Amino acid sequence: MDIKQAIHSSLAQADMIVNAYLGDLKGEDLLVRPVPNSNHIAWQLGHLISSERSLIDRVAPGKLEPLPPGFDAAHKKDTAAIDDAAKFLTKEEYERLARQLRAGTLRIVDGMAPADFDRPVEKMPPTVKTVGDMFFFVSMHWLMHAGQWSVIRRKLGRAPLF
């Protein structure tokens, strides 16, 4: 397995878990908070989509489709406390944007030369030193948030999936 295949695999595994956790949730379930002051899934989905696009744009500027106007601002840290459904997208809209973004991310991976993955990146968490690390960080970021959704699922009475 080469680096491109490993990144594809890592992102596919993250997608499988994310999609399984979202699969049977209704739109209103995306606004449930597991405990007060924690983030609901709608905000987290927007945060993940914004983050992935921003991270990929650092290594491949201008190669991804823009997000809808106002999307990033609607999912900044200071909007996490909002519970008004009208301020967020529908579940289907988040899923569509995530799929489109992921397709773009994978096209970028496929178009890179093997040496590109060794290029250094700056202003990232300490464990992310190269472009390759950054792609794996994207999948781990999605998984970290999906782990929070398992608690919301239990609060909603859903059976554990994994």
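Residues numbered from 1 in each chain as written. Predicted model: local features only at pLDDT ≥ 70, side-chain atom pairs only at ≥ 80, totals over all residues. Heavy atoms only, no water.

*Asks:* How would you explain helix α4 (residues 91–111) if you had to name every residue and give the values?
*Replies:* Here α4 contains 21 residues, and its C-alpha end-to-end distance of 30 Å stays within 8% of the 30 Å for a straight helix at 1.5 Å per residue. Those residues of α4 that are buried are in contact with α1 (3–23), α2 (41–59), α3 (71–74) and α5 (131–155). (Helix = DSSP H or I, 4+ residues; strand = E, 2+ residues; numbered from the N terminus. Expected span 1.5 Å × (residues − 1). Contact = heavy atoms within 4.5 Å.)

*Asks:* Explain α5 to me, using residue names and the numbers behind them.
*Replies:* Under the 1.5 Å per step criterion, the end-to-end length of α5 is 37 Å for 25 residues, consistent within 8% with the ideal 36 Å. Phi turns positive, to about 90°, at G157, one or two residues after α5.

*Asks:* Could you give an account of the packing of aromatic side chains, with specific residues and numbers?
*Replies:* Scanning the model with the defined rule gives 3 aromatic pairs in all. Between Y21 and F162, the aromatic rings sit 5.5 Å apart at their centres with planes inclined by 70°, giving edge-to-face as the arrangement. Within this pair, whereas Y21 is found in helix α1, its partner F162 is found in the segment after α5, the two being separated by 141 residues in sequence. In this structure Y21 comes out as buried when scored by relative accessible area, which is 11%. Using a relative accessible area of 57% as the deciding quantity, one classes F162 as exposed. (Phe/Tyr/Trp six-rings, centres within 6.5 Å; stacked < 30°, edge-to-face > 60°. Buried < 20%, exposed > 50% of the residue type's maximum accessible area, 1.4 Å probe, protein only.)

*Asks:* I'd like a rundown of the pattern of salt bridges, residues and numbers included.
*Replies:* Within the structure shown, the criterion is met by 7 salt bridges. In this structure, D24 and R158 form a salt bridge, with 3.5 Å as the shortest nitrogen-oxygen distance. Note that D24 is positioned in the loop between α1 and α2 and R158 in the segment after α5, a separation of 134 residues in sequence. Taking relative accessible area as the criterion, R158 reaches 17% and is therefore assigned buried. Overlapping salt bridges, with partners in common, bring together D24, D29, R153 and R158 in one network. (Salt bridge = Lys/Arg side-chain N within 4 Å of Asp/Glu carboxyl O.)

*Asks:* Quick rundown of the side chain of H141? Include the residues and the values.
*Replies:* Structurally, H141 can be placed in helix α5. Of the residues examined, H141 reaches a relative accessible area of 14% and is grouped as buried. Here H47 takes part through its side chain, which lies 3.1 Å from a polar atom of the side chain of H141. H141 has contacts with H47, L48 and S51, leaving out every residue within four places of it along the chain. (Polar contact = N/O pair within 3.5 Å; in protein donor to acceptor, adjacent residues only side chain to side chain.)

*Asks:* Break down unusual backbone geometry for me, citing the residues and quoting the values.
*Replies:* We note that N37 has phi near 70°; this positive angle belongs to a residue other than glycine. Residue placement: N37 occurs in the loop between α1 and α2. The phi angle at K123 is positive, at roughly 55°, despite the residue not being glycine. Tracing the chain through its elements places K123 in the loop between α4 and α5.

*Asks:* Can you explain the packing of α1 against α5? Please cite residues and give values.
*Replies:* α5 packs onto α1 with a crossing angle of 15° between their chain directions and a minimal axis gap of 9 Å. It follows that α1 is roughly parallel to α5 by the angle criterion. The interaxial crossing formed by α1 with α5 has left-handed handedness. Note on element contacts: α5 touches α1 through F135, F136, V138, S139, W142, L143, A146, W149, S150 and R153, opposite I3, A6, I7, S10, L11, A14, I17, V18, A20, Y21 and L22. (Axes fitted to C-alpha atoms, helices over the stretch in contact; angles between N-to-C directions. Parallel < 35°, antiparallel > 145°, perpendicular 65-115°, else oblique. Left-handed = near helix turned anticlockwise from the far one by under 90°.)

Everything listed here is a matter of coordinates, which is why it stays silent on function.
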